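# Notes for the structure review
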Amino acid sequence: MKHIEANNVNAYYGENHVLKDISLTMKANTVTAFIGPSGCGKSTFLRCLNRMNDYIDGFRKEGDIFIEGNDIYDKKVRVEELRQKVGMVFQKPNPFPKTIFENVAYGLKIQGIKNKNILEEAVERSLQQAALWNEVKDSLHKSALSLSGGQQQRVCIARALAVEPSTLLMDEPASALDPISTAKIEDLIAELKDNYTIVIVTHNMQQAARVSDKTAFFYMGNLIEYDKTKELFTNPKNERTENYITGRFG
Amino acid sequence: MTKLKQNRIIDSTFKYFGIFCTFFGLIVLAIFIFNILTEGVQRINWDFLSNLPSRRPAKAGILTAWTGTAWILGLTAIISIPLGVAAGVYLEEYGKKNRLASIIEINIANLAGVPSIIYGLLGLEIFVRTLNFGGSLLAGAFTLALLILPIIIVATREALKAVPKSLREASFGMGATKWQTIWYQTLPAASGGILTGIILALSRAVGETAPLIVIGALAYVPFVASTPMDEFTVLPMQIFNWVSRPQHGFVINAAAAIIILLLITFIMNGIAIYLRNKWQKKVNW
């Protein structure tokens with residue numbers, strides 16, 4: 001089943017044409033990796049999927065993006081509801097300067113849910129899904145900023161999961177972390193795949209190869225190649241893809 | 001004389017010149033404070049704080065003046081804080097960054113530099129006459145609120161600017177609206193800087209005299225204000241009045257009142273510095 005479908009997406013920052021005619025589809029419960037050199041448009045495209053570019057002055061998009069069959073740029077779509085369905089984890093861990101509990105419960109709180117039992121249940125479930133529960137269950141009311149970088153990133157993942165999204169966008173989620181924390185995040189992605197559709201932007205090609213089912217290679221705003229990860233890394237069709245994955249540029 | 005030697009002489013000359021400049025201000029301030037203290041300290045006692053004004057210096061007190069200052073401080077805070085913070089939030093978080101915004105920004109910065117007497121004239125026309133508040137506490141508080149509004153707006157904007165973008169993105173990414181993001185995340189994160197700005201602005205309002213003279217604050221008020229519509233005086237007005245009297249007793253009274261006024265502003269600045277330090281320690285991104 002098509003979970004995400006993009007048709008002829010073009011995007012501009014002012015005069016800058018940063019995404020050129022991108023079309024691709026992603027199936028539900030798969031992990032898709034976006035790779036490519038800095039400035040190739042992969043993050044911009046990821047941010048189109050939950051409309052995080054809306055706030056950037058001078059940003060303009062053409063073409064359609066459907067998630068679960070809905071045109072997410074339709075005028076009737078409320079962007080707040082979209083972002084509850086399409087969660088996001090950022091490059092640098094960005095927990096709120098509040099307790100772990102408040103961080104994870106934030107998404108529910110802003111939906112107006114105040115029932116303590118529901119909140120506690122959601123916090124425990126999300127932290128367990130983010131493989132952090134055992135480490136923090138006794139310190140839920142400590143500041144999230146007192147945790148290590150890797151733990152903070154998993155708080156951010158738990159926070160995104162708490163509102164039960166269908167899709168999780170990850171923008172280089174492990175680039176600011178040490179190797180052990182990175183391995184934990186990668187294991188987590190493999191587990192979360194059963195319940196979520198995951199899109200991950202990464203600079204690390206080994207990481208893309210390890211965690212993803214399909215990989216898209218972006219270059220200068222173009223989608224150069226999009227294929228099964230194994231195929232793309234072992235038998236790239238395009239010369240530029242081959243040059244990039246073998247480290248000849250980028 | 002070699003070039004090197006010449007340079008070293010210039011170097012050490014500038015050092016001593018710098019030391020002189022630094023101490024010039026400090027010494028003048030020290031002499032001022034020493035003078036005030038030797039004249040005024042003996043005069044400060046409970047009677048001085050609790051007596052009404054009088055024609056005899058030894059019996060005169062500052063009860064009406066310091067209660068007037070307290071009234072003005074409270075009312076000005078109530079008026080200026082919501083207006084200033086809300087305007088700052090709008091300009092920083094909602095307002096588009098276009099030409100109009102930069103014109104507004106320049107104007108607000110200029111307003112902060114307008115002489116306070118001009119605000120007094122504005123207050124006289126709008127609050128005293130048009131709105132018919134008379135020479136009341138309310139008219140004074142509105143005038144001073146206008147005066148410090150630019151300071152609060154600028155402080156609010158600066159504090160909001162210092163909140164990292166990642167915090168806003170995290171909140172928006174969770175499906176929060178702009179208002180939820182501001183209310184739950186941005187404002188609390190910026191609260192230390194905003195509070196510091198508010199207190200510094202209010203301590204400026206406490207020391208202002210000129211605009212209050214213009215709107216008709218009285219130098220002699222024989223009762224303690226009990227409603228915002230009452231006539232009033234404030235500490236700087238009382239001081240101004242006393243130093244212009246010929247009797248030496250009033251000069252001593254003025255010195256004592258200056259000590260009280262200095263104490264109030266020092267305490268307020270102290271709180272502002274304390275809040276700023278506490279905030280800087282608490283938030284480490």
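Residues numbered from 1 in each chain as written. Chains lettered and ligands numbered in written order. Predicted model: local features only at pLDDT ≥ 70, side-chain atom pairs only at ≥ 80, totals over all residues. Heavy atoms only, no water.

On to the overall build of chain B. A count of helices and strands for chain B gives 11 helices and 0 strands. In chain B, the succession of helices and strands from N to C terminus is α-α-α-α-α-α-α-α-α-α-α. Expressed as lengths along the three principal axes of its C-alpha atoms, the size of chain B is roughly 75 × 70 × 35 Å. Intrachain contacts of chain B at a sequence separation of at least 6 include 74% that bridge at least 24 residues. Where the 23 positive side-chain charges of chain B centre and where its 12 negative ones centre are 7 Å apart. (Helix = DSSP H or I, 4+ residues; strand = E, 2+ residues; numbered from the N terminus. Contact = heavy atoms within 4.5 Å. Lys, Arg positive; Asp, Glu negative; His and termini not counted. Charge placed at Lys NZ, Arg CZ, Asp CG, Glu CD.)

Looking now at the packing of helix H3 (residues 63-94) of chain B against helix H6 (residues 137-161) of chain B. All names here are of chain B. Two numbers describe how H3 lies on H6: the axes approach to 6 Å, and their chain directions differ by 40 degrees. Regarding the angle of H3 to H6, the classification is oblique. Considering the relative orientation of H3 and H6, their crossing is right-handed. (Axes fitted to C-alpha atoms, helices over the stretch in contact; angles between N-to-C directions. Parallel < 35°, antiparallel > 145°, perpendicular 65-115°, else oblique. Left-handed = near helix turned anticlockwise from the far one by under 90°.)

Here, the word disulfide means a covalent bond between the sulfur atoms of two cysteines. Evaluation of the coordinates by the stated rule reveals 0 disulfides over all chains. Sulfur of Cys48(A): no disulfide; nearest cysteine sulfur belongs to Cys40(A) and is 13 Å away. (Disulfide = S-S within 2.5 Å.)

Residue and element names in this part refer to chain B. Partitioning chain B into structural domains gives domain 1 (3-43) and domain 2 (48-282). If you average the C-alpha positions of domain 1 and of domain 2, the two centres end up 32 Å apart. Interface area lost by domain 1 to domain 2 is led by Ile 36, Glu 39 and Arg 43, which between them contribute 70%. The interface formed by domain 1 and domain 2 holds 0 salt bridges in total. In this structure, the connection of domain 1 to domain 2 is made through 4 residue pairs in polar contact (both at pLDDT 80 or more). The class makeup of the residues in the side of domain 1 that touches domain 2 is 4 nonpolar, 2 polar and 2 charged. (Domains from an automatic or database assignment. Buried area = accessible area lost by both parts, 1.4 Å probe. Salt bridge = Lys/Arg side-chain N within 4 Å of Asp/Glu carboxyl O. Polar contact = N/O pair within 3.5 Å; in protein donor to acceptor, adjacent residues only side chain to side chain. Nonpolar A, V, L, I, M, F, W, Y, C, P; charged D, E, K, R; others polar.)

Across the boundary between the two partners, chain A contributes 21 residues, which contact 18 residues of chain B. Carbon and sulfur atoms make up 62% of the area that chain A and chain B hide from each other, which totals about 1900 Å². Considering only the side of chain A, the residues that lose the most area to chain B are Tyr55(A), Tyr106(A) and Ile110(A), jointly responsible for 26% of the buried surface there. Between the two partners, chain A and chain B, sit 1 salt bridge. A salt bridge links Arg47(A) to Glu169(B); the shortest N-O distance between them is 2.9 Å. At the boundary of chain A and chain B, one finds 5 residue pairs in polar contact (both at pLDDT 80 or more).

This part covers the UniProt feature "transmembrane region" (unreviewed entry) in chain B. Residues annotated in UniProt with the feature "transmembrane region" (unreviewed entry) correspond here to residues 16-37, 70-91, 103-124, 136-160, 181-203, 209-229 and 250-275 of chain B. Annotated as 100% helix and 0% strand, the span residues 70-91 of chain B places its first and last C-alpha atoms 31 Å apart. (UniProt positions renumbered as here; feature names shortened; annotations may be inferred.)

With that out of the way, let us pick up the sheet that holds strand E7 (residues 167-171) of chain A. All names here are of chain A. Ordered in space as E6-E7-E8-E3-E9-E10, the 6 strands form an open sheet in which the pairing is mixed. Looking at strand neighbours, the two that pair on one side only are strand E6 (86-89) and strand E10 (222-228), the edges of this open sheet. Adjacent strand axes in the sheet meet at a mean angle of 15 degrees, parallel and antiparallel pairs treated alike. Examined bridge by bridge, strand E9 (residues 214-219) and E10 share 6 bridges and lie antiparallel to one another. When the sheet's bridge partners are listed, Lys 214 is paired in E10 with Lys 228. Against the sheet, helix H6 (residues 149-161) makes contact with E6 and E7, and its axis sits at roughly 170 degrees relative to E6, the strand it touches most. Packing of helix H7 (residues 179-192) onto the sheet brings it into contact with strand E3 (31-35), E7 and strand E8 (197-201), and relative to E8 it is tilted by some 150 degrees. (Pairing = 2+ DSSP bridges.)

This part takes up the nonpolar core. Across soluble globular proteins, you tend to see nonpolar side chains buried next to one another. Membership of the largest hydrophobic core comes to 114 residues, with the highest contact counts inside it found for Leu127(A) and Ile157(A). Ranked by the residues each element gives to this core, the list is headed by helix H11 (residues 248-282) of chain B, at 12 residues. Those residues in contact with Leu127(A) that lie beyond four places of it in its chain are Ile100(A), Val104(A), Leu132(A), Trp133(A), Val136(A), Leu140(A) and Ala158(A). Core analysis: the second largest hydrophobic core is formed by 30 residues, Ala11(A), Met26(A), Leu46(A) and Val199(A) among them. (Core = buried A, V, L, I, M, F, W, Y, C linked by side-chain atoms within 4.5 Å. Buried < 20%, exposed > 50% of the residue type's maximum accessible area, 1.4 Å probe, protein only.)

This next bit is on the pattern of salt bridges. All names here are of chain A. Within this structure, the stated rule accounts for 19 salt bridges over all chains. For Arg 47, the salt bridge goes to Asp 171, with nearest N and O atoms at 3.9 Å. Residue Arg 47 is located in helix H1 (residues 42-48), and its partner Asp 171 is located in strand E7; the two are separated by 124 residues in the primary sequence. Between Lys 193 and Asp 213 there is a salt bridge, and its shortest N-O distance comes to 3.1 Å. Separated by 20 residues along the polypeptide, Lys 193 in the loop between H7 and E8 and Asp 213 in the loop between helix H8 (205-211) and E9 bring together distant segments of the chain.

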